[in-house]
Amino acid sequence: MRPALVVFAAVLTALADAGAQTSADWPQWRGPRRDGSIGAELPAQWPEALTKRWEIPVGAGHASPVVSGNRVVVFARQGDEEIVRALDLASGKELWRAAYPAPYVVNPAAQSHGAGPKSTPAISGGRVFTFGISGVLSAFDLASGKLLWRLPPPGVPPQYGSTTSPLVDGTSVIVHVGGEDYGALTS
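In this report, the structure presented in the accompanying data block is examined.

Rules used in this analysis
Residues numbered from 1 in each chain as written. Predicted model: local features only at pLDDT ≥ 70, side-chain atom pairs only at ≥ 80, totals over all residues. Heavy atoms only, no water. Helix = DSSP H or I, 4+ residues; strand = E, 2+ residues; numbered from the N terminus. Buried < 20%, exposed > 50% of the residue type's maximum accessible area, 1.4 Å probe, protein only. Pairing = 2+ DSSP bridges. Core = buried A, V, L, I, M, F, W, Y, C linked by side-chain atoms within 4.5 Å. Contact = heavy atoms within 4.5 Å.

1. A short note on the environment of Gly-125
- Considering the arrangement of structural elements, one finds Gly-125 in the loop between strand 5 (122–124) and strand 6 (127–131).
- In sequence terms Gly-125 and Gly-170 are 45 residues apart; their C-alpha atoms lie 9.0 Å from each other.

Right, here's the structure in full:
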């Protein structure tokens, strides 16, 4: 289970309940402005305690959840598959799920980090972009979960797995691809 997902949803709910003037969108790693701030004036008074509204097991990995509108998108591993799914922000109900085979052998030096995924998805223009541990870059429709496109991993896999999160700038999706001595920034 990803306790971070439950805490993240609880904090967003607490902000809304306390009257913070913010949209709940957190569409990429480090938030709407990529600086780790929520961009809102914090409420003068917080609830005595956070109230857990829901929880759902999502699998293993280090990817953070992202939020757009009423959807929370999570990216995790279950067995030899990487799974991206959209959940309803208010209830935690699964709205859609997409999975693909992603076998991965962890470098012995990184065993304690697990087989990922490690990259946080990005949401932009009604699309969800994921970057898997072996370098698989995918785009999904945020509303339906339909796969829009997928690029296979580069010929030389990353020695310790892909860890950078996709960066969306206008119509470009930027990722760091490749393995030892063969890396590149690609959009």
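Past the structure itself, the notes keep going.
2. What about the pairing of strand 7 (residues 137–141)?
- Burial within strand 7 is extensive, with four of its five residues counted as buried.
- Taken together, the five bridges between strand 6 and strand 7 define a ladder with antiparallel strand orientation. Looking across to strand 7, one finds that Val-128 is bridged to Phe-140.
- Once strand 6 ends, the chain turns through five residues before running back antiparallel as strand 7, passing Gly-135 with a positive phi of about 100°.

3. What to know about the nonpolar core
- Counting residues in each nonpolar core, the largest one holds 15 residues, and the members touching the most others are Val-73, Val-84, Trp-96, Ile-123, Val-128 and Phe-140.
- Among the elements of the structure, strand 2 (71–78), strand 3 (81–88) and strand 4 (94–101) are those that each provide at least two residues to this core.
- Considering every element that reaches this core, the biggest residue donor is strand 4, with three residues.
- In this structure, Val-73 is in contact with Ser-64, Pro-65, Val-66, Val-84, Arg-85, Ala-86, Pro-121, Ile-123, Val-128 and Leu-142, ignoring residues within four places of it in sequence.
- One finds Ile-56, Val-67, Ala-76 and Leu-89 within the second-largest nonpolar core, a separate group that totals ten residues.

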